[in-house]
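Residues per chain are reported as follows:
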Amino acid sequence: MMKDQEKINMEINIGGEPIKLTVPFQNQELTRSVEDEINKLYATWRRNFPKRSEKGLLAMMVYQYASHYKELSVKYQEAIGKAEECLGKIDSILRP
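Model, not experiment: these values are computed from the prediction. (Residues numbered from 1 in each chain as written. Predicted model: local features only at pLDDT ≥ 70, side-chain atom pairs only at ≥ 80, totals over all residues. Heavy atoms only, no water.)

Next up on the list: the overall build of the chain. When its secondary structure is counted, the chain shows two helices and two strands. Each helix and strand of the chain, ordered N terminal to C terminal, gives the series β-β-α-α. Taking 96 residues into account, the globule formula puts the C-alpha radius of gyration at 12 Å, and the chain, at 20 Å, lies well above it. Dimensions of the chain, computed from the C-alpha atoms along their principal axes, are close to 65 × 40 × 15 Å. A burial count over the chain gives 16% of its 96 residues as buried. (Helix = DSSP H or I, 4+ residues; strand = E, 2+ residues; numbered from the N terminus. Rg over C-alpha atoms; globule rule 2.2 N^0.38 Å. Buried < 20%, exposed > 50% of the residue type's maximum accessible area, 1.4 Å probe, protein only.)

Another point: the nonpolar core. I12, I14, I38, L41, Y42, W45, L57, M60 and M61 form the largest nonpolar core, which has nine residues in total. For this core, the elements supplying multiple residues, two or more each, are β1 (7–14), α1 (28–48) and α2 (54–94). Looking at which element gives the most residues to this core, the answer is α1, with four residues. (Core = buried A, V, L, I, M, F, W, Y, C linked by side-chain atoms within 4.5 Å.)

Now for the pairing of β1. Side chains I8, M10, I12 and I14 of β1 all project onto a buried face; the interleaved residues K7, N9, E11 and N13 project onto a face where none is buried. Linkage of β1 to strand β2 (residues 17–24), two consecutive antiparallel strands, is achieved through a turn of two residues, within which G15 is found at a positive phi near 55 degrees. (Pairing = 2+ DSSP bridges.)

This part is about a nonpolar patch on the surface. Together, L87, I90, I93 and L94 make up a nonpolar patch on the protein surface, roughly 460 Å² of accessible area in all. Structurally, L94 can be placed in helix α2. In this structure L94 comes out as exposed when scored by relative accessible area, which is 65%. (Patch = residues over 30% accessible without salt bridge, like charges linked within 9 Å, V, L, I, M, F, W, Y side chains within 5 Å. Areas by Shrake-Rupley, 256 points an atom, 1.4 Å probe, with all protein chains shown as cover. Salt bridge = Lys/Arg side-chain N within 4 Å of Asp/Glu carboxyl O.)

With that out of the way, let us pick up the pattern of salt bridges. Per the stated rule, a full pass over the model turns up seven salt bridges. When the shortest N-O distance is used, the salt bridge between D36 and K40 registers 3.3 Å. One end of the pair, D36, and the other, K40, are both in helix α1, four residues apart, so they sit about a helical turn from each other. Relative accessible area serves as the criterion here: at 37%, D36 is assigned to the partly exposed category. A relative accessible area of 45% places K40 in the partly exposed class. By sharing partners, the salt bridges in this structure join D36, E37 and K40 into a single network.

In structure tokens form, the structure reads like this:
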């Protein structure tokens, strides 16, 4: 039986391109879910932008996912700042 911290080799397919990955055992479902979502977007955009090259289409997708990632990173940092601020206030109340 595999432990959660162990890694496994997987192969996914994005836009017809096989990709070999090594992922933590517990991330198998997440990896397949990501593969599925990207392929759905790829199929949709392939229909919506039939004149785009494969490279252009994938570049558009990379930009979309990277911009979402960056936006979440900024929000995450803001949340950390708010949490630290709250902890500071709690600490000042508990330790006058």
